[in-house]
Amino acid sequence: MSGLQGVGLLLLWGSICLWLPGSAWGALVISGEHEALQETRGGARPLQKRSTTEVKVEVYSVKVDCTVTSRFAHTVMTSRARNKANVSQEIFFEVELPKTAFITNFSMEIEGQVYVGEVKEKEKAKKQYEKAVSSGQTAGLVKASGRKMEKFSVSVNIAAESNVTFILTYEELLQRKLGQYEILTRVKPKQPVQEFQIVTNIFEPQGISHVDTHATFLTNELLPLVEKTVTNNKAHISFSPTMEQQRKCPDCDGTLLDGDFVIKYDVNRAKSLGDIQVVNGYFVHFFAPPDLPRVPKNVVFVIDRSFSMRGRKIIQTREALLAILNDLHEEDHFALILFDDKIISWRESLTKATKENVTEGMDYVRRIHEGGSTNINDAVLRGVNMLVKDRQEKKLPERSIDMIILMTDGMPNAGVSSLPRIQENVRSAIGGNMSLFCLGFGNDVDYSFLDVLSKQNKGVARRIFEGSDAVVQLQGFYEEVANPLLSEVDLRYPDNTVDSLTTNHYSQLFNGSEIVVAGRLMDNDLDNFLVEVFGQGFEDDFEVQGQASAMDWDMMYPDDKYIFGDFTERLWAYLTIQQLLEKSKSDAPDEKANTTAKALDMSLRYSFVTPLTSMVVTKPETEDGPDSPLIADKLTEEQRQQAERMIHRYAAPPSYAYQLPPPTYFVDGDPHFMIELPDRDNALCFNINDKPGTILNLVRDPKQGILVNGQTIGDKKIPPDGKINTYFWRFGIVHQTLGVRLEVSTRDISVFQDGKRVKLLWSDTASVKGPNVDLLLTKDRSVTVTLKDSVKFVILLHKVWTKHPYHQDYLGFYTLDSHLLSPSVHGLLGQFYHGIAYELSDLRPGEVPEKPDATMYVKGQELNVTRGWQRDFRRDVKNGENVPCWFIHNNGTGLIDGDVTDYIVSGLFKTV
């Protein structure tokens with residue numbers, strides 16, 4: 001970065017104070033290794049550990065303060081740092097916040113001067129930003145970060161012996177899902193902080209029914225530091241360890257704080273009418289009546305089985321459907337429709353979910369396989385017509401809810417392919433009589449198309465992210481809509497008493513969710529504030545009414561009255577803007593302009609950073625240049641998806657076989673470790689740099705008694721470039737249970753079993769079959785080792801010209817059928833045999849144009865990775881094939897468990 005003097009400091013921290021579904025998360029990180037990260041791009045230099053004395057920037061305070069007032073969360077994140085050096089330094093501030101939150105304020109205090117952000121119309125902010133960029137200055141932007149997060153970042157130059165304070169505020173209305181709210185903070189400071197504090201205060205006048213707190217990193221020593229005080233309508237949770245309590249050990253800089261800090265709670269629900277709160281001329285009505293019987297549902301699953309669903313997607317779809325069908329209630333009805341370019345119905349009508357019918361449906365699901373192209377139009381219309389026909393023929397319960405769940409991963413390319421025409425066809429056919437929920441797999445699906453398609457038909461769309469937890473995502477969505485309680489819910493208020501209502505008609509109320517309506521009072525006379533709620537229930541119509549009254553907040557919270565202020569007005573504004581933005585997506589063009597104008601006006605009035613506005617912060621002038629702006633945006637889902645697609649552009653092209661090949665794990669070359677993941681069209685790789693002669697453990701399965709170690713060899717002498725390459729030159733393979741031991745070197749292959757030794761030379765072509773091990777030796781090329789009922793290893797020989805001045809012969813090691821090993825398998829390769837979960841975001845230029853950098857989230861850590869290439873020599877042992885991969889720097893730090901020294905052993909057949 002221009003203007004960087006001394007050592008940079010990265011303050012990377014964030015917090016979520018809201019309900020978040022699934023595996024959404026935030027991050028709270030402080031790192032003093034920004035410059036070191038810059039050095040590792042392209043793998044030019046190893047990352048060197050830096051001490052805090054070298055950095056000379058002290059982060060002395062990090063606070064996350066979250067106040068939840070009647071579900072409305074107000075979060076303030078404050079970080080303070082001091083430049084202890086005698087020169088100015090660039091300090092970096094990054095925050096990850098939930099994508100559904102609105103930033104409301106950001107400020108920096110530097111040497112007594114406060115720089116405050118101003119919310120402007122996005123186009124005006126963009127022009128200011130472009131002007132700064134054209135003059136060569138830098139400007140910050142918000143970027144997508146993982147599934148649910150956005151990253152806000154800024155850097156400022158701080159004078160010697162000076163302090164800086166960063167304060168960021170955001171707000172959000174918490175959603176209730178599956179019966180509770182969740183406040184989740186990812187804690188990852190990386191180093192002890194003098195003043196570290198997370199404080200959450202929850203104020204719920206309805207009364208708090210339960211509060212649960214846990215954290216993944218809490219040890220027996222840290223557990224007592226979580227303080228929780230809960231009264232009837234207030235909860236206080238805090239976590240504030242000292243520097244010494246944060247340390248992994250008394251004399252080290254490592255911290256124990258690494259994981260998720262989670263608070264889950266719900267409120268009492270004694271009234272059928274719900275809870276109505278009036279403060280400062282605005283009201284909010286929370287409606288989630290207790291003890292309602294569920295309404296039977298009639299659900300048609302419309303399942304994409306086109307060619308693009310091959311491999312893991314179709315496997316995960318089958319697995320999720322089996323679990324979903326098993327959870328159907330007997331009074332429900334269901335249907336299964338498969339589609340590619342053809343439409344296939346399991347049965348011509350919906351089927352009652354009896355135990356026998358569900359079992360037959362599950363058998364049908366198990367046989368689903370992928371086929372041709374994608375005809376979404378005809379598939380959805382088949383489902384609509386099936387529901388309409390069964391309704392007309394009175395095959396379905398009169399008081400039941402009709403819904404279609406569409407699962408697809410691609411664009412329509414058979415039948416009707418015009419997206420607007422498909423939307424119009426479906427809306428016309430449904431006619432407002434049923435709900436359509438759309439689940440879109442991966443990055444190829446047009447999410448905006450599915451979003452509008454569902455919103456036009458009383459449903460919602462949800463992205464299903466590729467990964468090992470896709471089944472959990474599918475099941476989680478289904479659980480949200482599995483138990484309808486009411487349909488066609490109307491919440492009515494006197495016309496002469498309120499105006500500016502948010503949405504007050506809802507197609508369904510599902511168990512575990514909540515309807516929220518807010519509005520403005522025309523006067524403070526509540527004598528005529530009669531509230532009525534109507535809906536269609538299981539056996540009878542639901543009807544309840546009551547008189548609203550203002551609550552005396554000062555009396556209920558006498559010590560906290562300063563907190564509440566205008567929260568009902570801001571809650572109303574937040575909800576109104578969210579609903580206007582959603583409405584604009586499916587509005588006609590003339591209506592859309594009016595809806596967008598209203599949302600923009602409210603965003604500016606209440607200083608919310610929304611997709612229509614940006615926050616502009618003018619950074620202080622430095623010797624490197626004049627003032628320059630920071631621009632904080634709110635990304636749309638389409639922008640987030642586009643960023644993810646850019647990352648996947650650098651992935652390996654998909655295999656066009658019906659069955660994806662299994663993952664491959666190998667080490668070859670200098671030594672280059674690689675994990676190929678065909679289900680993600682991607683690969684991960686890292687190098688191990690150590691002195692020649694080091695013996696490393698590659699595979700260790702104590703349950704099966706399998707051990708594989710490898711020893712490195714160096715070049716004959718130092719090459720002109722001064723870099724000594726190291727390669728594997730011999731491997732030791734042990735299967736203790738079978739009594740087998742092999743030694744494979746660049747010279748020969750030896751097999752030991754039952755006190756006997758068989759020796760083979762690479763100049764041979766041989767096949768050796770035994771009761772417990774088979775060997776297939778291809779002359780001067782490879783040896784394949786197959787252990788009985790277990791894993792298979794392939795070792796390749798790389799022969800170098802005998803008179804080469806520097807290099808020597810070396811070996812490559814490849815594993816097949818690794819899934820046959822036990823879950824306890826470990827080692828430099830073995831730890832990945834049962835999968836590795838990770839996410840990539842924030843694609844950006846690297847030092848080399850064709851090798852971009854990205855941010856990887858893996859094993860609870862955030863890594864800087866670089867796109868690169870490694871060679872797979874299985875098909876061509878001489879030249880190899882280029883395989884694109886994401887390169888993890890510094891001996892795989894962050895990707896591998898522990899440190900590389902943990903894998904060094906004392907002998908070829910030893911574990912320590």
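Residues numbered from 1 in each chain as written. Predicted model: local features only at pLDDT ≥ 70, side-chain atom pairs only at ≥ 80, totals over all residues. Heavy atoms only, no water.

## Overview of the packing of helix 5 (residues 312–326) against helix 10 (residues 470–481)
Here is step 1: Close contact between helix 5 and helix 10 brings their axes to 9 Å; oriented N to C, the two are set at 35°. The element helix 5 and its partner helix 10 pack so that their crossing is right-handed. Across from Gln316, Thr317, Glu319, Ala320, Ala323 and Ile324 in helix 5, the residues of helix 10 making contact are Ala470, Val471, Leu474, Gln475 and Tyr478.
Here is step 2: Looking at the contact of helix 5 with helix 10 residue by residue, the class counts come to 7 nonpolar, 3 polar and 1 charged. (Axes fitted to C-alpha atoms, helices over the stretch in contact; angles between N-to-C directions. Helix = DSSP H or I, 4+ residues; strand = E, 2+ residues; numbered from the N terminus. Left-handed = near helix turned anticlockwise from the far one by under 90°. Contact = heavy atoms within 4.5 Å. Nonpolar A, V, L, I, M, F, W, Y, C, P; charged D, E, K, R; others polar.)

## Considerations on the confidence of the model for the chain
Here is step 1: In the predicted model, the chain carries a mean pLDDT of 81, and the fraction of residues at 70 or more is 86%.
Here is step 2: Below a pLDDT of 50 lies the segment residues 1–54, which in the model reaches 188 contacts outside its immediate sequence neighbourhood of four places, other chains included. (pLDDT = per-residue confidence, 0-100.)

## A closer look at helix 5
In an α-helix, one turn spans 3.6 residues, which is why side chains three or four residues apart end up on the same side.
Here is step 1: For helix 5, with 15 residues, the first-to-last C-alpha span of 21 Å sits near the 21 Å given by 1.5 Å per residue.
Here is step 2: Residues of helix 5 that are buried include every one of Lys313, Ile314, Gln316, Thr317, Arg318, Ala320, Leu321, Leu322, Ile324 and Leu325, and no others.
Here is step 3: Those residues of helix 5 that are buried lie in contact with strand 20 (297–304), strand 21 (333–339), helix 6 (355–366), strand 24 (401–408), strand 25 (435–441) and helix 10. (Expected span 1.5 Å × (residues − 1). Buried < 20%, exposed > 50% of the residue type's maximum accessible area, 1.4 Å probe, protein only.)

## Observations regarding the packing of helix 5 against helix 6
Here is step 1: Taken N-terminus to C-terminus, the directions of helix 5 and helix 6 make an angle of 175°; their axes are 9 Å apart at the nearest point. With respect to helix 6, the element helix 5 is oriented roughly antiparallel. Taken together, the residues of helix 6 that come into contact with helix 5 (itself represented by Arg318, Leu321, Leu322, Leu325 and Asn326) are Val358, Gly361, Met362, Val365 and Arg366.
Here is step 2: For the contact of helix 5 with helix 6, the residue count by class is 6 nonpolar, 2 polar and 2 charged. (Parallel < 35°, antiparallel > 145°, perpendicular 65-115°, else oblique.)

## Re the pattern of salt bridges
Here is step 1: For the structure shown, the criterion picks out 36 salt bridges.
Here is step 2: In this structure, Glu360 engages Arg347 in a salt bridge whose closest nitrogen and oxygen atoms are separated by 2.4 Å. Taken together, the residues Glu360 in helix 6 and Arg347 in the loop between strand 22 (343–345) and strand 23 (351–352) connect sequence positions 13 residues apart.
Here is step 3: Residue Arg347 is classed as partly exposed on the basis of its relative accessible area of 26%.
Here is step 4: With a shortest N-O distance of 3.9 Å, Asp490 and Arg492 are connected by a salt bridge.
Here is step 5: Owing to a relative accessible area of 22%, Asp490 belongs among the partly exposed residues under this scheme.
Here is step 6: Look at Arg492 and you get partly exposed, because its relative accessible area is 40%.
Here is step 7: Through salt bridges with shared partners, a single network forms among Arg71, Arg176, Glu204, Asp266, Arg269 and Glu514. (Salt bridge = Lys/Arg side-chain N within 4 Å of Asp/Glu carboxyl O.)

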